[in-house]
Amino acid sequence: MAAEPAARLQRVTKRFGAKTAVDDVTLAIDEGVTFGLIGPNGAGKTTTFSMLAGYLSPTEGRVEVLGLLPSAVDRLRARLSVLPQDALLPATDTVGEFLLHMARLQDIPAKKALDAARTVLDEVAGRDWWGQRCGSLSHGMAKRVALAQAFLGEPELVLLDEPTAGLDPRVAREMRELIAARKGRATIVVSSHNLQELEELCDAAAVLDRGRVVASGSIAELTAANEEIRVQVAPGTTRGTQPGQVPVEKLRELPVVKSASLDEERLEITVYFERRQADAESVIGQVLSLLLAHQVRISGVAKGRGLEQRVMDLTAGQGLNR
Amino acid sequence: MSPLAEIQLVAGRELRRSVRSAKGIVLGVLTLLGATVSALVCVRIEASERAAAKALSNEGFVEAKRQLFERVTGDDALAAYMARVPTSLIVFLKITVWFLPLLVALLGFDTVSADLQHRSVRFWAVRVRRGSYFTGKLLGLWATVALIALALNVLADAVAVARGYVTIGQAAGWGLKFWLVAVVIAGAWAGVATLISSCFRAPILALLTTFAAFFVLWLFGIGGFFARVGESVDHGMAAAAKEMSWYEYLYPNAYDTMLVGPDPARVLTAVAILAGFTVAVGALGSLLFARRDV
């Protein structure tokens, strides 16, 4: 029997008045994976996320986390944790008081709560902030403290909504490293429109657009990384059999290649291959050998088309910050 | 974790937050300043009352007060009981009870609405039952108001003792009783304020709605009181001796006379009604809050 997914949405719809934010979404998030919720602004990521966290009730359909309704707070206590987007920390509390209070509410005994709170604060490199008022923290510091509360205890399912939004690149990278360090210890769901971040962090993802799931699967499936390679060639390169030209027909003759094409405008060779016959690395080797033998100047090689390109294709070029 | 443990944690934090927030400190200081002025006014009233009755013995003074209370309340037992209480403490209790709704409204309008506005509530929503969160907020607000009322009572009692109107023992006894009266009434106001606060994401809307709701309750109380006074004038009876109209019972301050009086049955009835009111409003608030999106 297949393992119970860590979170599941079954035909879930959420309406706010006349506006449908999430429309008939069905999704299952396997236990232990790091899962991305991807989509442009207004795609329904945060609404989906909020229903998983129990902040919002679905208008229709059923949401389950760890086999329970999100409203079963008592049974989910300490098993489910959340980094909510844009939720302000209580300004008058010190960081220590806030984390201690959160730990106590997770039913961590008073004697252990202090250790637990200090441990997670250390984990986000905030040891010196213990006595500082939450209201006086910078945006980046507050985000880390919010992440620390989500890491309190050993939650089985961690929901992170836009964990790096509004952070400078250095802090954002540190946040990604903190999240990556948690991989394998819990199922992590990350909602973001930073595709590079998600490609880096996630094992699987769902792409949402206008409240609907338009694609879902592993990152390799979404990016076609296991059935497509792309080779960027130097400016001026054309199709042909002369030295320095791309021998497209010869590429197609390679045994593992299903099809090959050259986009002369973008100077990009796209090669599709049968994933059961070869992996991307061996296809890259064969393709590059052929191209180098024909003295083609190569600028770059990539597996798949990249999550960003894939999402742009799926969301019909609406842009991620519309 | 039991709901009670959750409520205890939320209420304890709310109390700490209230007494440490800028709003809590400013309101506390302003209330104490107002209370100081009120206490001095009360002392002045008592001093002039005593000066007017200078020719009387202490027993004669008490008897004159008893007759006055009897004329006002129409209740012999209550008049005899109240005649022994320093006037300054009675006036101070009335002032405290009168201003309680204002204090509760100003302290409580953002108790939940600010958390909804800033979405801070989401940190709690995955850790405590919604009902526990609401009840903890209500109790935290109630405890804050009780703390301020305690400070006010201590101040008034200290002034009465300093002026020699009561002994320390009497002040402690009356002070405790009057404080408990204020606390019981404050619970009902705190329930309504928390319920309204949990219905709005914008604290300013919560504040305006709280004022409007309290004003309507005050109209019930004041309307009923004047109706009874009018009837008393027509029929030559004390206003307090008349039965209260049903709508007057909706005004929490209307129970102060019942709570202060010597009849345990009436005191317990008033406590039961106010506690029931607070529990009913709290249960309704918990239910609505559990169903709403945060």
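Residues numbered from 1 in each chain as written. Chains lettered and ligands numbered in written order. Predicted model: local features only at pLDDT ≥ 70, side-chain atom pairs only at ≥ 80, totals over all residues. Heavy atoms only, no water.

Visitor: Can you walk me through helix 4 (residues 110-123) of chain A in this structure?
Guide: All names here are of chain A. Taking 1.5 Å of rise per residue, the 14 residues of helix 4 would be expected to cover 20 Å, and the 20 Å separating its terminal C-alpha atoms lies within 8% of that figure. On its buried face, helix 4 sits against helix 3 (95-105) and helix 5 (139-151). The first or second residue beyond helix 4 is alanine 125, which carries a positive phi of 60 degrees. (Helix = DSSP H or I, 4+ residues; strand = E, 2+ residues; numbered from the N terminus. Expected span 1.5 Å × (residues − 1). Contact = heavy atoms within 4.5 Å.)

Visitor: Hey, could you run me through the interface of chain B and chain A in this one?
Guide: Interface size is commonly expressed as the accessible surface area that is lost when the partners come together. Tallying the contact residues gives 23 residues for chain B and 34 residues for chain A. Between chain B and chain A the total buried area reaches about 2600 Å² when both faces are included, carbon and sulfur atoms providing 55% of it. Contact with chain A buries surface across chain B, with Phe123, Val126 and Arg127 of chain B losing the most and accounting together for 30% of the total. Counting every contact that joins chain B to chain A gives 5 salt bridges. Our count for the chain B to chain A interface comes out at 17 residue pairs in polar contact (both at pLDDT 80 or more). Breaking the side of chain B that touches chain A down by element, the ones donating at least two residues are helix 1 (3-20) and helix 7 (121-125) of chain B. It is helix 1 of chain B that provides the largest number of residues to the side of chain B that touches chain A, a total of 6 residues. Partitioning the side of chain B that touches chain A into residue classes produces 9 nonpolar, 3 polar and 11 charged. (Buried area = accessible area lost by both parts, 1.4 Å probe. Salt bridge = Lys/Arg side-chain N within 4 Å of Asp/Glu carboxyl O. Polar contact = N/O pair within 3.5 Å; in protein donor to acceptor, adjacent residues only side chain to side chain. Nonpolar A, V, L, I, M, F, W, Y, C, P; charged D, E, K, R; others polar.)

Visitor: Where do I start with helix 3 of chain A in this structure?
Guide: Because each turn of an α-helix spans 3.6 residues, side chains separated by three or four positions end up pointing in the same direction. Burial within helix 3 of chain A is extensive, with 8 of its 11 residues counted as buried. Along its buried surface, helix 3 of chain A packs onto helix 4 and helix 5 of chain A together with helix 1 and helix 7 of chain B. Once helix 3 of chain A finishes, aspartate 107 of chain A follows within two positions and takes phi at roughly 70 degrees, a positive value. (Buried < 20%, exposed > 50% of the residue type's maximum accessible area, 1.4 Å probe, protein only.)

Visitor: Can you walk me through unusual backbone geometry in this structure?
Guide: The phi torsion of most residues other than glycine is negative, and most of the peptide bonds are trans. All names here are of chain A. In this model, alanine 125 sits at a positive phi of 60 degrees, which is unusual for a non-glycine residue. Judged by relative accessible area, alanine 125 falls into the exposed class, the value being 54%. Look at glutamine 295: it is not a glycine, yet its phi comes out positive at around 60 degrees. Overall, glutamine 295 belongs to the exposed group, its relative accessible area being 55%.

Visitor: Would you explain the packing of aromatic side chains in this entry?
Guide: Residue and element names in this part refer to chain B. This model, assessed by the stated rule, comprises 12 aromatic pairs over all chains. A ring pair is formed by tyrosine 133 and phenylalanine 289, whose centres lie 5.5 Å apart and whose planes are at 15 degrees; its orientation type is stacked. Placement of the pair is tyrosine 133 in helix 8 (residues 130-162) and phenylalanine 289 in helix 12 (residues 264-291), with a sequence separation of 156 residues. Each member of the pair tyrosine 133 and phenylalanine 289 is classed as buried. A ring pair is formed by phenylalanine 215 and tryptophan 218, whose centres lie 5.7 Å apart and whose planes are at 25 degrees; its orientation type is stacked. In this pair, phenylalanine 215 and tryptophan 218 both sit in helix 10 (residues 203-235), 3 residues apart, roughly one turn of the helix. (Phe/Tyr/Trp six-rings, centres within 6.5 Å; stacked < 30°, edge-to-face > 60°.)

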